[in-house]
Amino acid sequence: MKCISTSRSCLLCGTMEEKDPSIRKTLIVQCFKDLHLIEDMELVLTLRCLWNIALAQPDDPEFPFLGVFNCMARLLNRCTRDQKWLSRGHNVYVPYYAAHIIGSYTMNKARFSVLAVKSGVISPLIDLLRGKITWVEQRVAVRALGHIARHRRTFEDIKVHEVEIIKLAMDIASKCIFTIYSEFVGKKSENRVEYHRYLMTKGLREFEMENKKAESWACQMQCWSLYLLNCFITKKRGINLICKEDFLKNLCDIWGGLQNQNSFSGIGLIRSLCESEDGRENIAQLVQVVENICNLSRSSDEWQFMAIESLLLLLKDPKTKNRVTNIAAPFLADLVELRTIKGRRKIGDMITQLLLQDYAKIKYGQVGFSETGSQKAIEDIWDFKVEKRKRDKIMSEQEVKETELLVSVLKREGNKKFWSSEIEAAVNKYTKALDLCPLNLRKERIVLYSNRAQCHLILGDAELAISDTTRALCLSGEMRPHIKSLWRRSQAYHMKGLARLSLMDCLMFINERSKLNGNKSSTRKIPYYAMRMLNKQMTATWIFADAAKSMEDDIDDKGTHKSRVQHRLAGGKMKGKIEEALLKSMPTPVKDHEHRLLKKGWLWRTSRRSKGVIEPSQEGKM
């Protein structure tokens, strides 16, 4: 293990250079015993050195077995009990580094976690979780407690404080975004806490970098608090405490953002709750929660498969099946031809089997639904997956050819009606073609669904457009999704105000479009209309958007009212940086002038006519 710090004031520097193992071990033990007795810059530099080592080598047993946890526990206890000492010099940095070191070393190894608990780290970490210092220390405390709680051997020690920890974690997940905005992002640079700025930028104190880091930390804080709650749920603890109506309704909106797609998400917590009987009962009673899960199941979101798994678990439970089917059947009907997602095969067949289990009872009125669309959706699934399949099997080759020809004619007629602005007539033609089209003609059905979705968009029926585009995308598969359907579904979600789902489809559309026709630069430019949608949805999904809106009538330090625009200034440049990073990660190059506009966070105001861009509703051929 090597000390990363090069400062002569770091106590570990000389110790780490000792070549004799026994002497070095003695020196390290003594260093950890005496560390809490020193303060100010020397202490902070030593802790920063330990922090770097813990991040780089969290599984190295040397420091954990030589007393690093005892040392960190003493330091944290002093920080939480002696405010005068904490506010003196650079001591204010101590709790952040100490809690971070504990979290890093307990992340992977259960035996390290056992040592940490025996050293008494839980009590001071809970003090930080209560917000005894600031949200920065609260963030690293929830991370450390989550790592300790995940290990079976140390969960029992966390369980002693179950009620308080669950309440605090739920409070953090619900309010941390507003807290960070009001206490940091929404303030001018000179009004921000100085050591917070230093920790975020490692001393650079660059305004845009601080805002970007604050957004990342806010997402992490939310996701880590959910992970801590998940540790209780997986142990079948505190489920009724967690299943509060307001909390469950907001869970699907916690997703980690584009920068933290691999973090724990709200739908991940819902998925864990669906593993327990009490969790399923509570979720099934909330229509809004089930609808949120259903919307996520029909999307390009990274967590789509967890939403589908949650619905399957709810449908398998006899106690929740009817309630969930009443809401989810129209959504799930669009997924019955989904083949593979995230390596999971035959998802559509599983959905079909669960929905049609009680078809006979539904058909003869023994099971009823309050939602009229639900019963019709199940009947349509039966006709499609059972009756139509039988009809296709008994068709002769001649009948198949005649049917294919008729479908082609109806499609062309539908296209003519569309371009003649007879949209409803076009819908009827496409519907007749789909009713006749054999199931094995996947490509033809993809086009028909997508074309009909375009008609629904023009008619202003976003829900039907989402339904048809989802069916087209299920047929095309996740490896080569139908590009036009992605764009049309993005538009439909935008019409419904579902910015996150619209954004994910838009990003997928841009990525897939860039893969067409090899590396020809003319086909790899991002269309104007897609960039406009991307910019709009990035603004709508900015993590601090709701916080900024809620504070638009707040009064600033000088006693004047802040407008919404003023509140968003802090995040405007940060949003531009995220968009720029997104574009760099994509294989598609952007025109120089478009890049400059995006970098500055400006809205797209350039004339369509000067760009020669076709309106999105008429993009490409039908």
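Calculation rules
- Residues numbered from 1 in each chain as written.
- Predicted model: local features only at pLDDT ≥ 70, side-chain atom pairs only at ≥ 80, totals over all residues.
- Heavy atoms only, no water.
- Helix = DSSP H or I, 4+ residues; strand = E, 2+ residues; numbered from the N terminus.
- Contact = heavy atoms within 4.5 Å.
- Areas by Shrake-Rupley, 256 points an atom, 1.4 Å probe, with all protein chains shown as cover.
- Salt bridge = Lys/Arg side-chain N within 4 Å of Asp/Glu carboxyl O.
- Buried < 20%, exposed > 50% of the residue type's maximum accessible area, 1.4 Å probe, protein only.
- Phe/Tyr/Trp six-rings, centres within 6.5 Å; stacked < 30°, edge-to-face > 60°.

With an unreviewed UniProt entry as reference, the chain is termed ARM repeat N-terminal plant domain-containing protein, source organism Solanum pinnatisectum.

A. How the structure looks around the overall build of the chain. Tallying secondary structure elements over the chain gives 36 helices and two strands in all. Sequence separation of at least 24 residues holds for 71% of the intrachain contacts in the chain that already meet a minimum separation of 6. Taken as a whole, the chain presents about 28,600 Å² of accessible surface, with 50% of it coming from carbon and sulfur.

B. How the structure looks around the pattern of salt bridges. For the coordinates displayed, the defined rule picks out 31 salt bridges. Ionic pairing is found between Lys-249 and Glu-245, a salt bridge with its closest N-O pair at 2.8 Å. Placement of the pair is Lys-249 and Glu-245 together in helix H16 (residues 245–251), with a separation of four residues, close to one helical turn. What makes Lys-249 partly exposed here is its relative accessible area of 22%. A relative accessible area of 43% means that Glu-245 is categorised as partly exposed. As a salt-bridge pair, Lys-342 and Glu-302 come within 3.3 Å of each other at their nearest N and O atoms. Of the two residues, Lys-342 is situated in the loop between strand E1 (340–341) and strand E2 (344–345) and Glu-302 in the loop between helix H19 (287–297) and helix H20 (304–316); the sequence distance between them amounts to 40 residues. Here the salt bridges share partners, and the residues they tie into one network are Arg-298, Asp-334, Glu-463, Arg-471 and Lys-496.

C. Spatial organisation of the packing of aromatic side chains. A full pass over the atoms with the stated rule returns 20 aromatic pairs. When the centroid spacing of 5.8 Å and the interplanar angle of 20° are considered together, the rings of Tyr-96 and Trp-217 count as stacked. Here Tyr-96 is found in helix H7 (residues 94–105), whereas its partner Trp-217 is found in helix H14 (residues 207–234), with 121 residues between them in sequence. Judged by relative accessible area, which is 3%, Tyr-96 ranks as buried. Note on Trp-217: relative accessible area 3%, which makes it buried. On the numbers, 5.0 Å between centres and 85° between planes, the contact of Phe-418 with Trp-419 is edge-to-face. Residue Trp-419 is classed as partly exposed on the basis of its relative accessible area, which comes to 46%.

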